[in-house]
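Fold and contact review
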Amino acid sequence: MAAAPDSVAAIADGLRSVGYLPGKSTALVSFLATQLGKPILVEGPAGVGKTELAKALAKVLDRRLVRLQCYEGLDEAKALYEWNYRKQLLRIQADTGAGAGTGGEGGRGWSEVQDDIFGEEFLLSRPLMDAITSEQPIVLLIDEIDKTDQEFEAMLLELLSDFQISIPELGRIEARTHPVVLLTSNNSRELTEALKRRCLYLWLDYPELEHELQIVRLHAPELQETIARRLVEVVGMVRELDLKKPPSIAESIDWARALLLLGAQDIDGEIFRETLSVIVKHRTDLDVVAERVGVKLDSAAGIVARARI
Amino acid sequence: MSPAPESKAPPPGIAARLVEFGAELRREGVASGTAELLDAFAVLEQISWTEPEDFRAALAATLAKSQEDRRIFELVFDRFFFRATEAAAIRENAREGGLGEGADSELGEIDLDVLRQQIADALRGGSEGAMRDLARLAIAAFGRQGEGSGVIGVDVQRIRRALGLRAEPQPELPAADPRHDGVPRDALRRFEALLRRELEHGQIQRTGQLPPSRPLNDIDRALPSGPLQDLEAVHRIVAQLKRRLKTQGHESRGHRHHAQVDVRRTMRASLQTGGVPVQLRYKPLRPRRPEIYVLCDVSTSVTSASVFFLSVLHALHDSFRKMRSFVFIERISEVTDVFDRERDFRAVSEAIGRDAGVADISGYTDYGRVWSEFRALVEDELHPRATVIVLGDARTNGRDPRADIFAQIAQRAGRTFWLNPEPRLYWNYGDSVIDAYAQHCQAFECWTTRQLEEFVKALARPAHES
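This structure is a prediction, so every number in the text was calculated from the model and none was measured.

**As for the overall build of chain A**
The secondary structure content of chain A amounts to 14 helices and 9 strands. Across the 309 residues in chain A, those meeting the buried criterion constitute 34%. Sequence-distant contacts in chain A: of pairs separated by 6 or more residues, those separated by 24 or more amount to 76%.

**What about the overall build of chain B?**
In terms of helices and strands, chain B carries 19 helices and 6 strands. Within chain B, buried positions represent 28% of all 466 residues. In chain B, the share of contacts with a sequence separation of at least 24, taken over all contacts with a separation of at least 6, comes to 70%.

**Digging into the pairing of strand E8 (residues 180-185) of chain A**
All names here are of chain A. Taking burial as the measure, the 6 residues of E8 include 6 buried ones, the bulk of the element. The alternating pattern of E8 places Val180, Leu182 and Thr184 on one face and Val181, Leu183 and Ser185 on the opposite face, and all of these are buried. Here 4 bridges tie strand E1 (residues 40-43) to E8, and the two strands are oriented parallel to one another. In the strand pairing of E8, Leu41 is matched with Leu183. With 4 bridges connecting them, strand E5 (residues 138-143) and E8 associate as parallel partners. Paired with Leu140 across the bridge in E8 is Val181.

**Quick notes on the sheet that holds strand E3 (residues 332-334) of chain B**
Residue and element names in this part refer to chain B. Pairing is mixed across the open sheet formed by 6 strands, whose spatial order is E3-E2-E1-E4-E5-E6. Looking at the sheet topology across the chains shown, the edges are occupied by E3 and strand E6 (442-445). For this sheet, the mean inter-axis angle between neighbouring strands, taken without regard to orientation, is 20 degrees. As defined by bridge partners, strand E1 (residues 291-297) adjoins strand E4 (residues 386-391) across 6 bridges and the pair is classed as parallel. The partner of Glu291 across the bridge, within E4, is Ala386. Helix H16 (residues 367-378) contacts E1, strand E2 (322-328) and E3 of the sheet and is inclined by roughly 35 degrees relative to E3.

**As for the packing of helix H11 (residues 225-240) of chain A against helix H12 (residues 249-262) of chain A**
Two numbers describe a pair of packed helices, the interaxial angle and the distance between the axes. Residue and element names in this part refer to chain A. Contact geometry of H11 with H12 gives a least axis separation of 11 Å together with a crossing angle of 140 degrees. As the angle between them shows, H11 and H12 are arranged oblique. In terms of crossing hand, the pair formed by H11 and H12 is right-handed. On H12, the residues touching Ile227, Ala228, Leu231, Val232 and Val235 of H11 are Ser252, Trp255, Ala256 and Leu259. Each residue belonging to the contact of H11 with H12 can be placed in one class, and the counts come to 8 nonpolar, 1 polar and no charged.

**Regarding helix H1 (residues 8-17) of chain A**
Every buried residue of H1 of chain A is listed here: Val8, Ile11, Ala12, Gly14 and Leu15 of chain A. For H1 of chain A, the arc enclosing every buried residue in end-on projection is 160 degrees, short of the 170-degree limit, so these residues lie on one face. Turned more than 90 degrees off the buried face of H1 of chain A, the exposed positions are Ala9 and Ser17 of chain A. Packed against the buried residues of H1 of chain A are helix H2 (24-36) and helix H3 (50-61) of chain A together with helix H3 (52-63) of chain B.

**Digging into the packing of H1 of chain A against H2 of chain A**
All names here are of chain A. Relative orientation of the contacting elements H1 and H2 amounts to 110 degrees, with a least axis distance of 8 Å. If you check the angle between H1 and H2, you find them roughly perpendicular. For the element pair H1 and H2, the recorded crossing hand is right-handed. Between H1 and H2, the contacting residues are Val8, Ile11, Ala12 and Leu15 on the first element and Ala27, Leu28, Ser30 and Phe31 on the second. Residues belonging to the contact of H1 with H2 are distributed by class as follows: 7 nonpolar, 1 polar and no charged.

**Some remarks on the nonpolar core**
Core analysis: the largest hydrophobic core is formed by 94 residues, its most contacted members being Leu200, Leu202 and Leu231 of chain A together with Ala61 of chain B. Non-local contacts of Ala61 of chain B, meaning those with residues more than four positions away in its chain, are made with Val29, Leu32, Leu200, Tyr201 and Leu202 of chain A together with Val43 of chain B.

**Things to note about the interface of chain A and chain B**
On the side of chain B, 30 residues touch chain A, which itself brings 29 residues to the contact. The set of elements that each furnish at least two residues to the side of chain A that touches chain B consists of H2, E1, helix H5 (85-102), helix H8 (150-162), helix H9 (193-197), strand E9 (200-203) and helix H14 (283-308) of chain A. Ranked by residue count, the leading element in the side of chain A that touches chain B is H2 of chain A, at 7 residues. Of the residues assigned to the side of chain A that touches chain B, the class counts are 15 nonpolar, 5 polar and 9 charged.

**Some points on the sheet that holds E9 of chain A**
Residue and element names in this part refer to chain A. Strand order in this open sheet of 5 strands is E2-E5-E8-E1-E9, and the pairing throughout is parallel. The sheet is open, and its two edges are formed by strand E2 (64-69) and E9, each paired on a single side. Ignoring which end each strand starts from, the neighbouring axes of this sheet average 20 degrees apart. By the bridge criterion, 4 bridges tie E1 to E9 in an arrangement that is parallel. Counterpart to Leu41 in the pairing with E9 is Tyr201. In the packing of H2 onto the sheet, the strands contacted are E1, E8 and E9, and the crossing angle to E9 comes to about 160 degrees.

**So, unusual backbone geometry**
Residues and elements named next belong to chain B. Of note in this structure, Ala394 is not a glycine but carries a positive phi near 55 degrees. Along the polypeptide, Ala394 turns up in the loop between E4 and helix H17 (403-412). Owing to 23 C-beta atoms within 10 Å, Ala394 belongs among the buried residues under this scheme. In this model, Asn428 sits at a positive phi of 65 degrees, which is unusual for a non-glycine residue. By secondary structure assignment, the location of Asn428 is in the loop between strand E5 (415-420) and helix H18 (434-438).

**Some remarks on the pairing of strand E7 (residues 171-174) of chain A**
Residues and elements named next belong to chain A. The sheet contact formed by strand E6 (residues 164-167) and E7 spans 4 bridges and is antiparallel. The partner of Ser166 across the bridge, within E7, is Arg172. The antiparallel hairpin formed by E6 and E7 contains 3 residues in its connecting segment.

**Considering H17 of chain B**
In an α-helix, one turn spans 3.6 residues, which is why side chains three or four residues apart end up on the same side. Residues and elements named next belong to chain B. Buried residues of H17: Phe406, Ile409 and Ala410, and no others. Seen end-on, H17 carries its buried residues on one side only, within an arc spanning 100 degrees. When the buried face of H17 is taken as reference, the exposed residues oriented beyond 90 degrees from it are Asp404 and Gln411. Of the surrounding secondary structure, the elements contacted by the buried residues of H17 are H16, E4, E5 and H18.

**A few points about the environment of Glu212 of chain A**
When you line up the elements, Glu212 of chain A lands in helix H10 (residues 209-219). Residues Glu212 of chain A and Ile253 of chain A, spaced 41 residues apart in sequence, show a C-alpha to C-alpha distance of 9.5 Å.

**Some remarks on the confidence of the model for chain B**
Residue and element names in this part refer to chain B. Per-residue confidence for chain B gives a mean pLDDT of 72; residues scoring 70 or more make up 62%. For the stretch residues 97-108, pLDDT sits under 50, and the model shows 7 contacts to residues farther than four places along the chain or on other chains. Across residues 225-230, where pLDDT falls below 50, the model places 10 contacts with residues more than four positions away in sequence or in other chains. Here the predicted complex scores 0.63 on pTM and 0.77 on ipTM.

**What about the environment of Ala403 of chain B?**
Residue and element names in this part refer to chain B. Locating Ala403 in the fold gives a position in helix H17. For Ala403, a count of 19 C-beta atoms within 10 Å translates into the label partly exposed. Placed 37 residues apart in sequence, Ala403 and His440 show a C-alpha to C-alpha distance of 8.5 Å. Setting aside residues no more than four positions away along its own chain, Ala403 makes contact with Ala436, Tyr437 and His440.

What counts and how
Residues numbered from 1 in each chain as written. Chains lettered and ligands numbered in written order. Predicted model: local features only at pLDDT ≥ 70, side-chain atom pairs only at ≥ 80, totals over all residues. Helix = DSSP H or I, 4+ residues; strand = E, 2+ residues; numbered from the N terminus. Buried ≥ 20, exposed ≤ 12 C-beta atoms within 10 Å, placed from the backbone. Contact = placed C-beta atoms within 7 Å. Pairing = 2+ DSSP bridges. Axes fitted to C-alpha atoms, helices over the stretch in contact; angles between N-to-C directions. Parallel < 35°, antiparallel > 145°, perpendicular 65-115°, else oblique. Left-handed = near helix turned anticlockwise from the far one by under 90°. Nonpolar A, V, L, I, M, F, W, Y, C, P; charged D, E, K, R; others polar. Arc of directions from axis to C-beta. Core = buried A, V, L, I, M, F, W, Y, C linked by C-beta atoms within 7 Å. pLDDT = per-residue confidence, 0-100.

Here's what the structure looks like:
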């Protein structure tokens, strides 16, 4: 396993080397999280690279990534552990069957069976349990924590502050190694204070123009710089509008790839309208964007060209 | 700005400073407890303090844990450390050269037009250092014309106007002028902040003392009350509200007090335990989707709040089964279409002002007439599942409130709410007759975005909880 980076610059370089261009505070907070062993709560609009950050961190630190995707109604049984009922039933039946066969006093004693069926053999471990019991240090990603309900959040508190899980039948299971934990949230509801208190907070926003340009260039290196710059400018313009779903970095990259495929030489009104659906994904948004930005592109093509010189 | 000692161990002063900073954050409503402060100290041991950026980001990561908190944090951070440095400067009796009297004669030679150009260039280029220098030059150049009003906010706007800096394109200028396409908006805002900073700095140097510290003058905590308010701020609020309210059903899913058992899903789940229903499954709570009739007063006293409120509701129209909106002053007029056509707050505002035709003669609100017209318009449609919301200050200008008609409307509709954009303190003073109406409906005060948000939440809450 690679040694943990010992400075902000080192982790920034590391992230860059695996294809993730971190903003300044992103690198800083990641560094602090690895040093202090605190979870990071990453918030921001959809598609600014929250999940990617976890993947990149896992690569940089050379750790396995354990991912728990949250959704409405996610409960302990699916996140932590579950008893394998069927196997337990089989076990009991097998015992009674054996007992009947030998004509004895009903096989083994009750307490023995009970101890037996609540052993680790009958435990189905789920992502969080995986993360805790892993021999190797890992990166744990709890994705879209805001989709779960508050009970689940409360259940996470023990895990996040002490890295341990209590199972009534087995006792406490403590983490063998110290995982790096990332929680992501789209901010669709307020998380509880208790959860926030245990985390470092990182707000990821749409990147600045130059930063986004670098990202696009990294993911679509064949695209000419002038077009890439134009693309990022247009995406910036689209984000300014009041849309249901503003285009994210992921969409910028998709668009860059689409333009590459089409072999576009410039983004003019026509190309824009044809490829609009790559970056705007709502019918009403389509109209607004076509109306506001498309027209501007037709008329402003000359001005932007001049501004570039 | 950063305390910037070379050693890693915090000097005795900084711990106290940080605690003060935490206390100041708390005063502004950021939930930063002792645990957060301890984290902040832990974090500061890990980073180099000589980088102001890192210092700020590290504190932000531990102290401000939501987007709103982050915004307040930025403001408080700037103010706190600015004041701290200034206080230290006064103690040390340190004065900076450059803006003293000696420099005046030299500044006299500055060509204003050249300065305008330079500033606009720097704004497009966005270099912080250059902008700060130019801000000083600008203050010096314009300050000496005897235009200083003594009020910093006014001076900032005067200087900005004198420099001809605007975010909108200015086609009348020659194409080579950097202001031709308009100055980037955020650069402009940064420049204004620098101007303000430098003006305050100058004031502190002149008087040798700090002005009394004020709580943040936070416009987004109050609803927009004047037409001059920053439209962008309004937009930000609406966007935020929209996102939060769209998903607010999530919270109520936790409350299972009255949940109904979903038999089908319970039976399915029981297969796992050999047909014994060990785990009950409940029917999910559905948020209520009411039919809404909104009446908004748009007379000058409450226009902005009303239009703002209407645009929030329309931004949320997905959550309602049906929504009709009316504006009124003396007469009533339906504006549902306007919102279907226009999404822009400003455009809506203008369209309503232009087309609604609700002012008749005097331009004063006439509630009595409004009720009877409203009743005539929707009488057949009102039914117990409809919700009527009135937004207005209930100031009748001495006319008959006709609370009896209002009572009939309230009786036909299932729920009736009154939102009053005036603080409760002013209710029933002067010509306000809110009590006459409040007997027939639920009246809320609604002059901050938080109150508004609470109200809209209550509106869409699942039926049996309200």
